[in-house]
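Each chain is listed here by its residues.
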Amino acid sequence: LLFLVDFCLSTSVADMSASPALGHELIKKCNRTNARLCKLRLPHCELETPIFMPVGTMAAVKGLTVDELEALDVPIILGNTYHLALRPGTELLDELGGLHDFMGWRRSILTDSGGFQMVSLLKLANITEEGVTFQSPSDGSQMLLTPEKSIQLQNEIGADIIMALDDVVSSTTPDPARVQEAMHRTLRWIDRCIAAHKKPEKQNLFGIVQGGLDLELRASCCHELIKRNLPGYAIGGLSGGEAKDEFWKVVLCCTKLLPANKPRYCMGVGYPIDLVVCVALGVDMFDCVYPARTARFGVALTDNGNMQLKHKRYKKDKKPIEEDCCCSTCKTFSRAYLHCMVAKEQTGARLVTLHNIAYMMKLGRNMREAIRSGNFPEFVIDYFNRWYPQGDWPGWCKDALAAVGIELPQMDNSPVAKRRKVEEQGGGDGGGEGDEE
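Now for a look at the structure at hand. Each chain has its residues counted from 1, following the order in which its sequence is written. Confidence filtering applies because this is a predicted model: local features only for residues at pLDDT of at least 70, side-chain atom pairs given and counted only at 80 or more, and all residues used for totals across whole chains, interfaces and linings. To get the side-chain values, take all heavy atoms of the structure and skip hydrogens and water.

1. Considerations on a nonpolar patch on the surface
To keep it simple, the criterion reads: Like charges within 9 Å and nonpolar side chains (Val, Leu, Ile, Met, Phe, Trp, Tyr) within 5 Å are joined into patches, using only residues over 30% in relative accessible area that form no salt bridge. Per-residue and other accessible areas follow the Shrake-Rupley method at a 1.4 Å probe size, with only the shown protein chains counted as cover for residues. Here, a salt bridge means any side-chain nitrogen of Lys or Arg that lies within 4 Å of a carboxyl oxygen of Asp or Glu. Throughout, exposure labels follow a simple rule: accessible area from a 1.4 Å probe, protein chains only, divided by the maximum for the residue type, with under 20% read as buried, over 50% as exposed, and the rest as partly exposed.
Side chains of Leu 92, Leu 96 and Phe 102 sit close together on the surface and give an oily, nonpolar patch of about 250 Å² of accessible area. On the accessibility criterion, Leu 92 (35% relative accessible area) is partly exposed.

2. Some details on unusual backbone geometry
We count it as follows: In this description a helix means any DSSP run of H or I spanning at least four residues, a strand means any run of E spanning at least two, and both kinds are numbered starting from the N terminus.
Looking along the chain, the bond that leaves Thr 49 and enters Pro 50 is cis, with omega of 10°. Along the polypeptide, Pro 50 turns up in the loop between β3 (46-49) and β4 (51-54). Between Arg 87 and Pro 88 the backbone carries a cis peptide bond, its omega angle lying at 15°. Positionally, Pro 88 belongs in the loop between α3 (81-86) and α4 (90-95). Phi at Ser 239 takes a positive value of approximately 55°, unusual for a residue other than glycine.

3. Focus on the pattern of salt bridges
Pairing between side chains of opposite charge can happen when their charged atoms approach one another. All told, the structure shown has 23 salt bridges when counted by the stated rule. The salt bridge involving Arg 188 is made with Glu 129; its shortest N-O contact spans 2.9 Å. In this pair, Arg 188 is assigned in helix α8 (residues 176-196) and Glu 129 in the loop between β7 (125-127) and β8 (132-135), connecting sequence segments 59 residues apart. Note on Glu 129: relative accessible area 33%, which makes it partly exposed.

4. Focus on the sheet that holds β4
Backbone hydrogen bonds are what pair the strands of a sheet, in a parallel or an antiparallel way. Rules: What makes two strands pair is DSSP finding at least two bridges between them. Lines fitted to the C-alpha atoms define the axes, with helices restricted to the stretch that makes contact. Angles between their N-to-C directions range from 0 to 180 degrees. Throughout, a residue-residue contact means that at least one pair of heavy atoms, one from each residue, lies within 4.5 Å.
Across the sheet, 8 strands lie side by side as β4-β14-β13-β12-β11-β10-β6-β5; this open sheet has parallel pairing. Two strands close off the open sheet at either side, each with one partner strand: β4 and β5 (76-80). Each strand of the sheet is rotated relative to its neighbour by a mean of 25°, with strand direction disregarded. The pairing of strand β11 (residues 204-209) with strand β12 (residues 232-235) spans 4 bridges and is classified as parallel. Looking at β12, one finds that Phe 206 is bridged to Gly 232. Across the sheet, helix α10 (residues 244-257) is in contact with β11, β12 and β13 (264-266); its angle to β12 comes to roughly 165°.

5. Side note on the packing of aromatic side chains
Operational definition: Two rings from Phe, Tyr or Trp (for Trp, the six-membered ring) form a pair when their centres are within 6.5 Å of each other. A pair whose planes differ by under 30 degrees is stacked, one over 60 is edge-to-face, and the rest are tilted.
Using the criterion set out here, one finds 10 aromatic pairs in the structure. With a centroid separation of 6.1 Å and 85° between ring planes, the pair formed by Phe 247 and Trp 396 is classed as edge-to-face. You can see Phe 247 sitting in helix α10 and its partner Trp 396 sitting in helix α17 (residues 395-402), a full 149 residues away along the chain. Taken individually, Phe 247 and Trp 396 each receive the classification buried, so the pair is uniform in this respect. An aromatic cluster of at least three residues, connected via ring pairs, comprises Phe 376, Phe 379, Tyr 383, Phe 384, Trp 387, Tyr 388 and Trp 393.

6. What about helix α15 (residues 346-373)?
Put simply, the rule reads: In this scheme, a helix's expected span is set at 1.5 Å multiplied by one less than its residue total.
Counted at 1.5 Å a residue, the expected span for α15 with its 28 residues is 40 Å, and the 41 Å between its end C-alpha atoms agrees. Within α15, 20 of the 28 residues are buried, leaving the element largely enclosed by the surrounding structure. Immediately beyond the C-terminal end of α15, within one or two residues, lies Gly 374, with a positive phi of roughly 85°.

7. Things to note about the side chain of Ser 19
Using the following cut-off: In the analysis that follows, any N or O atom pair within 3.5 Å is treated as a polar contact, provided that within protein one partner can donate a hydrogen and the other can accept it, and provided that, for residues neighboring in sequence, both atoms belong to side chains.
You can see Ser 19 is positioned in the loop between α1 (2-11) and β1 (23-29). A polar side-chain atom of Ser 19 sits 3.1 Å from the main-chain amide nitrogen of Ala 21. Aside from chain neighbours lying at most four places away, what touches Ser 19 is Pro 200, Gln 203, Asn 204 and Pro 231.

8. Digging into the sheet that holds β8
One open sheet holds the 3 strands; their spatial order is β7-β8-β9, and the pairing between them is antiparallel. The open sheet has two edge strands, β7 and β9 (142-145), and neither has a second partner. Adjacent strand axes in the sheet meet at a mean angle of 15°, parallel and antiparallel pairs treated alike. Bridge count between β7 and β8: 3 bridges; the pairing is antiparallel. Pairing of Asn 126 across the sheet is with Thr 133, part of β8.

9. Some thoughts on the nonpolar core
Soluble globular proteins tend to pack their nonpolar side chains together in the buried interior. Inclusion rule: Nine residue types can take part in a nonpolar core, namely buried Ala, Val, Leu, Ile, Met, Phe, Trp, Tyr and Cys, and a core is a set of them joined through side-chain atoms within 4.5 Å.
Val 251, Phe 286, Phe 376 and Phe 384 are the most contacted members of the largest nonpolar core, which totals 113 residues. Core analysis: the second largest hydrophobic core is formed by 19 residues, Cys 45, Leu 47, Leu 110 and Phe 206 among them.

10. Comments concerning the pairing of strand β14 (residues 285-288)
The two faces of β14 match: Met 285 and Asp 287 on one face and Phe 286 and Cys 288 on the other face are all buried. As judged from the 4 bridges shared by β4 and β14, these two strands associate in the parallel manner. The partner of Phe 52 across the bridge, within β14, is Phe 286. For β13 and β14, the ladder comprises 2 bridges, and the chain directions are parallel. Its bridge partner being in β14, Cys 266 is matched across the sheet by Phe 286.

11. Quick notes on the environment of Lys 262
Along the chain, the position of Lys 262 falls in the loop between α10 and β13. Exposure remark for Lys 262: the relative accessible area of 10% places this residue in the buried category. Apart from the residues within four sequence positions on either side, Lys 262 is in contact with His 24, Arg 36, Asn 229, Leu 230, Pro 231, Gly 232, Tyr 233 and Asp 284. Side-chain polar atoms of Lys 262 contact the side chain of Asn 229, separated by 2.9 Å.

In structure tokens form, the structure reads like this:
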């Protein structure tokens, strides 16, 4: 059966010509790594990559207004098709002019297909060749999400970039047959998505590479998706608890194969260190709830690692989160104030969320400028030095960066050197990414 499926896929595939809704320009590539600076022209704005996309699952990034997002120079956000279909409903969105008009957002939007809910709501989902049937976690109602239905919903939502429905399995699943089944089904579903797409002149359909941690399956999926000549491609099915040593190898496998003249999007990746490594591996676009979610636990993102604002060391600290940050939180409030607020007040979570999104925008901007100026490898080394002042680099980072030509230097780990480095970092807050929760 798999042989017949492969034969059909290799002899008859749907083909999307270059999308009139997307312009892609490769501005500059790092001369050592796979990092690249690109320009994307989308229906609602132009932007440069690498770029992080904040997640606004149900038409809002938690705690922030669209005016605040625009002030942070956020060019594109992400919405979730499954949740928007439940509330407020895509027919209403379509009637009101689409998600852009509904939420007052003038820039670009990317919508997930709803496929991730096959993992996050697995106990409430039944997956067949037709599609996936979800039981609503709120009222128990049933929704059959087929490739055709997912595209219809996304056409009604009106996002600049829409994602194909894929068969998503957990990256830690012990069942290789299920991973293989999901990859082949994803390829069959992409052709149904292409056929169902009614607005290719206004919306860009991206395909999603699946295949679990099996590099041969990933390569096969890449090759088949490339035949469809889609406007862009995403690497899916990662950031689900798999070992980082396997994570980066999958990313590199895909970026080596995906076309250079199309955007590459790594789904669900949002830890700053992960972004820096994945940009070096050749990824352009990222999304994750992490910056906003970790803010609600009092964690601020900085160039020196994660800052645990609930820690008593900040009780009397008059400095802002970051001296060189231009966000309104850092311009106005001290660490001492935020230490008090994050423990009990929603205001604290909102203020730290604003800073964290500002930080992710700054990180993307700094990486773009490093690529533009030709010193991206030096930027990476400096960034790791600041996050890990004692030189205790994660092994997977060292291996991943070495694979694209960056050797993290051996550090002086003497007590004097450690003390001097901590003093230079203003007390130091971190080596370590922290958990989402």
